[in-house]
Amino acid sequence: AKNIVSEYKSKDVDLDLEMKRLENYIKSLNTKDKQKEYLSNIVSEAQKYLPSFAEFKIVDTFDVNNLSVKVRRSELSPSLYLSQTGSGANWVAFHIAMMLGFHKHFIEKDSAVFNFLIFDQPSQVYFPKSKYDPIKKIQIFDENSEDALAVKEMFETMQRAIEDTNEKLQILVLDHAGRDIWGNVKGINEVAEWIDDNALILKDWQVEENRIKQNEDNPE
């Protein structure tokens, strides 16, 4: 903050005038009056990205005060908070849908929110059963199993959102699901596979950590 103030002073910018200009601009946005409209739009966008494996089929509302989603099983059923649905599959489905809905809205409104998302192991709930191949040193999945198809649908849903935003949205996924699950989904690129000598936690770090721990356990 001090660096920013110093920079403005060096450019002889009237800070009070600039702050006034920004305040007037923010007021002109009238975001409070538009909040209902914006939230309705976000929920509508989220509905488009709700994976089919979600037990509850309708995104009802987004509760701003509690930062929570309310969902419905059908048009005639009562709305429930996501925490009341009691299903990991519902949780991951609605989290994906809402996050994509939010970012689709942000991009359309040319918001200052960064246009990227990071999903960490979204397949955890549906992680497909596999067999380890000792020769290839990889897990082999049954790509036609129900779990594998659900995981593949997650990737397809994310890719659809990227296409809907004309590739303005970037999604980074950290997951155990490999190419045999998402390999046929157009537009997905593998950046890195952290395994064996290319592990995310470098072996040198592990050796150093063990050495430090041994010194702590056996002080001179």
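For the structure, check the block above.
A quick note: this is a predicted structure, and the numbers were derived from the prediction, not measured.

1. Considerations on helix α4 (residues 88-108)
Phase 1: The terminal C-alpha atoms of α4, which comprises 21 residues, lie 30 Å apart, in line with the 30 Å expected from a rise of 1.5 Å per residue.
Phase 2: Here α4 starts with a cap whose side-chain oxygen sits 3.3 Å from the backbone nitrogen of Ala 89, and that cap is Ser 87.
Phase 3: Looking one or two residues past α4, Asp 110 carries a phi angle of roughly 55 degrees, positive in sign.

2. What about the pattern of salt bridges?
Opposite charge on two side chains permits pairing when their charged atoms draw close.
Phase 1: Scanning the model with the defined rule gives six salt bridges in all.
Phase 2: Across the pair Glu 55 and Arg 73 runs a salt bridge, and its minimum N-O distance is 2.8 Å. Taken together, the positions of Glu 55 in the loop between α3 (31-48) and β1 (58-63) and Arg 73 in the loop between β2 (68-72) and β3 (80-81) put the pair 18 residues apart, joining distant regions of the chain.
Phase 3: We note a salt bridge from Glu 108 to Lys 104, for which the minimum N-O separation is 2.9 Å. Remark: Lys 104 and Glu 108 occur in helix α4; sequence separation between them is four residues, near one turn of the helix.
Phase 4: Here the salt bridges share partners, and the residues they tie into one network are Glu 45, Lys 48, Lys 104 and Glu 108.

3. Some details on the sheet that holds β1
Phase 1: Within the open sheet, the three strands sit side by side as β1-β2-β3. Their pairing is antiparallel. The open sheet has two edge strands with one neighbour each: β1 and β3.
Phase 2: When β2 meets β3, the two strands line up antiparallel, connected through two bridges. Each bridged residue has a counterpart across the sheet, and for Val 71 the counterpart in β3 is Leu 80.

4. Topic: unusual backbone geometry
Phase 1: Notably, Leu 67 is not glycine yet its phi reads approximately 45 degrees, a positive angle.
Phase 2: Residue Leu 67 is classed as exposed on the basis of its relative accessible area of 67%.
Phase 3: Residues other than glycine seldom take positive phi values, yet Asn 166 does so here, at roughly 55 degrees.
Phase 4: Position of Asn 166 relative to the elements: it lies in the loop between α5 (146-164) and β7 (170-174).
Phase 5: Looking at Asn 166, the relative accessible area reads 63%, which means it is exposed.

5. Some points on the side chain of Thr 157
Phase 1: Its location among the elements puts Thr 157 in helix α5.
Phase 2: Among the polar contacts listed, one links the side chain of Thr 157 to the backbone oxygen of Glu 153, at a separation of 2.8 Å.
Phase 3: Other than its neighbours up to four places away in sequence, Thr 157 contacts Tyr 49, Pro 51, Ile 96 and Leu 100.

6. Quick notes on the nonpolar core
Phase 1: Within the largest apolar cluster, 40 residues are counted, with the highest numbers of intra-cluster contacts made by Phe 53, Val 59, Phe 94, Met 98, Leu 100 and Ile 171.
Phase 2: Counting only elements with at least two residues in this core, the list comes to α3, β1, β2, α4, β4 (116-120), α5 and α6 (179-182).
Phase 3: Considering each element in turn, this core owes the most residues, 10 residues, to α4.
Phase 4: Apart from residues lying up to four places away in sequence, Leu 100 is in contact with Tyr 49, Leu 117, Thr 157, Met 158, Ala 161, Leu 169 and Ile 171.

7. Comments concerning the environment of Leu 80
Phase 1: With respect to the secondary-structure elements, Leu 80 resides in strand β3.
Phase 2: Looking at Leu 80, the relative accessible area reads 24%, which means it is partly exposed.
Phase 3: As for Leu 80 and Phe 56, which are separated by 24 residues in sequence, their C-alpha atoms are 9.7 Å apart.
Phase 4: The residues touching Leu 80, leaving out its near neighbours within four places in the chain, are Phe 56, Val 69, Lys 70 and Val 71.

8. Some thoughts on the pairing of β2
Phase 1: In terms of strand pairing, β1 meets β2 through five bridges, oriented antiparallel. When the bridges of β2 are listed, Ile 58 appears paired with Arg 72.

9. Focus on a nonpolar patch on the surface
Phase 1: There is a patch of nonpolar side chains on the surface, built from Phe 114, Phe 116, Ile 118, Leu 172, Leu 174, Trp 194, Leu 200, Ile 201, Leu 202 and Trp 205 and spanning about 1,000 Å² of accessible area.
Phase 2: Among the secondary structure elements, those contributing two or more residues to the nonpolar patch are β4 and β7.
Phase 3: Position of Leu 172 relative to the elements: it lies in strand β7.
Phase 4: For Leu 172, a relative accessible area of 35% corresponds to the partly exposed category.

Analysis parameters
- Residues numbered from 1 in each chain as written.
- Predicted model: local features only at pLDDT ≥ 70, side-chain atom pairs only at ≥ 80, totals over all residues.
- Heavy atoms only, no water.
- Helix = DSSP H or I, 4+ residues; strand = E, 2+ residues; numbered from the N terminus.
- Expected span 1.5 Å × (residues − 1).
- Polar contact = N/O pair within 3.5 Å; in protein donor to acceptor, adjacent residues only side chain to side chain.
- Salt bridge = Lys/Arg side-chain N within 4 Å of Asp/Glu carboxyl O.
- Pairing = 2+ DSSP bridges.
- Buried < 20%, exposed > 50% of the residue type's maximum accessible area, 1.4 Å probe, protein only.
- Contact = heavy atoms within 4.5 Å.
- Core = buried A, V, L, I, M, F, W, Y, C linked by side-chain atoms within 4.5 Å.
- Patch = residues over 30% accessible without salt bridge, like charges linked within 9 Å, V, L, I, M, F, W, Y side chains within 5 Å.
- Areas by Shrake-Rupley, 256 points an atom, 1.4 Å probe, with all protein chains shown as cover.

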